[in-house]
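# Notes for the structure review
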Amino acid sequence: MIDFAFIVISFIVLVSALWVVIGPNLVHSAVSLLFTFFGVSGLYVLLYADFLAGTQVVIYVGGILVLIIFGVMLTNKIDGPIIPSSSRNQVVGLISSLSLLVLLLGGIYSTEWPSALPEDMVSEGTVHTIGHMLMNEYILPFEIVSLLLLAALVGAAVLSRKKSDG
């Protein structure tokens, strides 16, 4: 049953990711990206990485994809609903993508993968483990990152304000 679910989710991810790249309409590509993100989240669930699956949905689907769609829809410089997405560097992109694919496949096939997860990870879940590590061992980097994100948020708010004439 897990193998069938993996095959179906992988097929959805591959087809939707391909449509994101080759789709002629930018809005349709953004909707295909939605299916790609949800499919990757489903693959995380199959890998017992529930924290990553939730993070994938909240950050990528809930934040970044909505931002992309709003950016496309609210741009008032567009005359028609179809936005061509052609590139002049397709040969360079194809060569670099294929070389990255060969590198990744080499790493995947040369790695000895465990056949099962440790029992404590399956019974406990990853959310508890990550939460425990963030609040104990990695509390200082966690707080530094939160301050950095706060500074970026304040900076974005200051930069986006309209300048007064006076």
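Residues numbered from 1 in each chain as written. Predicted model: local features only at pLDDT ≥ 70, side-chain atom pairs only at ≥ 80, totals over all residues. Heavy atoms only, no water.

Let us now look at the overall build of the protein chain. When you go through the protein chain residue by residue, the secondary structure sums to seven helices and zero strands. When the elements of the protein chain are put in sequence order from the N terminus, they spell out α-α-α-α-α-α-α. Looking at the protein chain as a whole, 15% of its 166 residues are labelled buried. Here the contacts in the protein chain between residues at least 6 apart in sequence split such that 59% fall between residues at least 24 apart. (Helix = DSSP H or I, 4+ residues; strand = E, 2+ residues; numbered from the N terminus. Buried < 20%, exposed > 50% of the residue type's maximum accessible area, 1.4 Å probe, protein only. Contact = heavy atoms within 4.5 Å.)

Let's shift gears to the packing of helix α2 (residues 26-46) against helix α3 (residues 50-73). Packing of α2 against α3 brings their axes to within 9 Å, and their N-to-C directions diverge by 175 degrees. Our classification of the angle between α2 and α3 gives roughly antiparallel. For the pair α2 and α3, the contacting residues are Leu-26, Val-27, Ala-30, Leu-33, Leu-34, Phe-37, Phe-38, Val-40, Ser-41, Tyr-44 and Val-45 in the first and Leu-52, Ala-53, Gln-56, Val-57, Tyr-60, Val-61, Leu-65, Ile-68, Ile-69, Val-72 and Met-73 in the second. Counted by class, the contact of α2 with α3 contains 20 nonpolar, two polar and no charged residues. (Axes fitted to C-alpha atoms, helices over the stretch in contact; angles between N-to-C directions. Parallel < 35°, antiparallel > 145°, perpendicular 65-115°, else oblique. Nonpolar A, V, L, I, M, F, W, Y, C, P; charged D, E, K, R; others polar.)

Tracing the chain through its elements places Leu-43 in helix α2. As a C-alpha pair, Leu-43 and Ala-5 span 38 residues in sequence and 9.0 Å in three-dimensional space. In this view, Leu-43 contacts Phe-6, Ile-9, Ser-10 and Val-13; residues no more than four positions away in its chain are not counted.

Relative orientation of the contacting elements helix α1 (residues 2-22) and α2 amounts to 155 degrees, with a least axis distance of 8 Å. Classified by the angle between their axes, α1 and α2 sit roughly antiparallel to one another. Crossing of α1 against α2: the hand is left-handed. Facing α1, whose interface residues are Ile-2, Ala-5, Phe-6, Ile-9, Ser-10, Ile-12, Val-13, Ser-16, Ala-17, Trp-19 and Val-20, α2 presents His-28, Ser-29, Ser-32, Leu-33, Phe-35, Thr-36, Gly-39, Val-40, Gly-42, Leu-43 and Leu-46. (Left-handed = near helix turned anticlockwise from the far one by under 90°.)

Attention now goes to a nonpolar patch on the surface. Taken together, the side chains of Leu-94, Leu-98, Leu-100, Leu-101, Leu-103, Leu-104, Leu-105, Ile-108, Tyr-109 and Trp-113 define a hydrophobic patch exposed on the protein surface, amounting to about 1100 Å² of accessible area. Here Leu-103 is to be found in helix α4 (residues 90-110). Judged by its relative accessible area of 61%, Leu-103 falls in the exposed class. (Patch = residues over 30% accessible without salt bridge, like charges linked within 9 Å, V, L, I, M, F, W, Y side chains within 5 Å. Areas by Shrake-Rupley, 256 points an atom, 1.4 Å probe, with all protein chains shown as cover. Salt bridge = Lys/Arg side-chain N within 4 Å of Asp/Glu carboxyl O.)

In this section: α2. For α2, built from 21 residues, the straight-helix expectation of 30 Å at 1.5 Å per residue is met to within 8% by its first-to-last C-alpha distance of 30 Å. In this structure, the buried side of α2 is in contact with α1 and α3. Once α2 finishes, Tyr-48 follows within two positions and takes phi at roughly 60 degrees, a positive value. (Expected span 1.5 Å × (residues − 1).)

Here we take up α3. A rise of 1.5 Å per residue sets the reference length of α3, with its 24 residues, at 34 Å; its end C-alpha atoms lie 32 Å apart and thus fit the reference within 8%. At Tyr-60, α3 is bent by approximately 30 degrees, the largest bend along its length. Those residues of α3 lying buried are Ala-53, Gln-56, Val-61, Leu-65 and Val-72. In this fold, the buried residues of α3 make contact with α2. (Bend = angle between axes of the 7 residues up to and from the residue.)

Another aspect to go through is unusual backbone geometry. Positive phi values are uncommon outside glycine, yet Tyr-48 reaches one of about 60 degrees. Looking at the element boundaries, Tyr-48 is found in the loop between α2 and α3.

To continue, consider the packing of aromatic side chains. A complete count under the given rule lists one aromatic pair for this structure. Centroid distance Phe-37 to Tyr-60: 5.3 Å. Interplanar angle 45 degrees. Geometry classified as tilted. Taken together, the residues Phe-37 in helix α2 and Tyr-60 in helix α3 connect sequence positions 23 residues apart. Overall, Phe-37 belongs to the buried group, its relative accessible area being 14%. (Phe/Tyr/Trp six-rings, centres within 6.5 Å; stacked < 30°, edge-to-face > 60°.)

Before going further, it helps to examine the confidence of the model for the protein chain. The pLDDT averaged across the protein chain works out to 82; a share of 83% of its residues lies at or above 70. Ranking the elements of the protein chain by mean pLDDT puts helix α5 (residues 119-124) last with 60 and α1 first with 92. (pLDDT = per-residue confidence, 0-100.)

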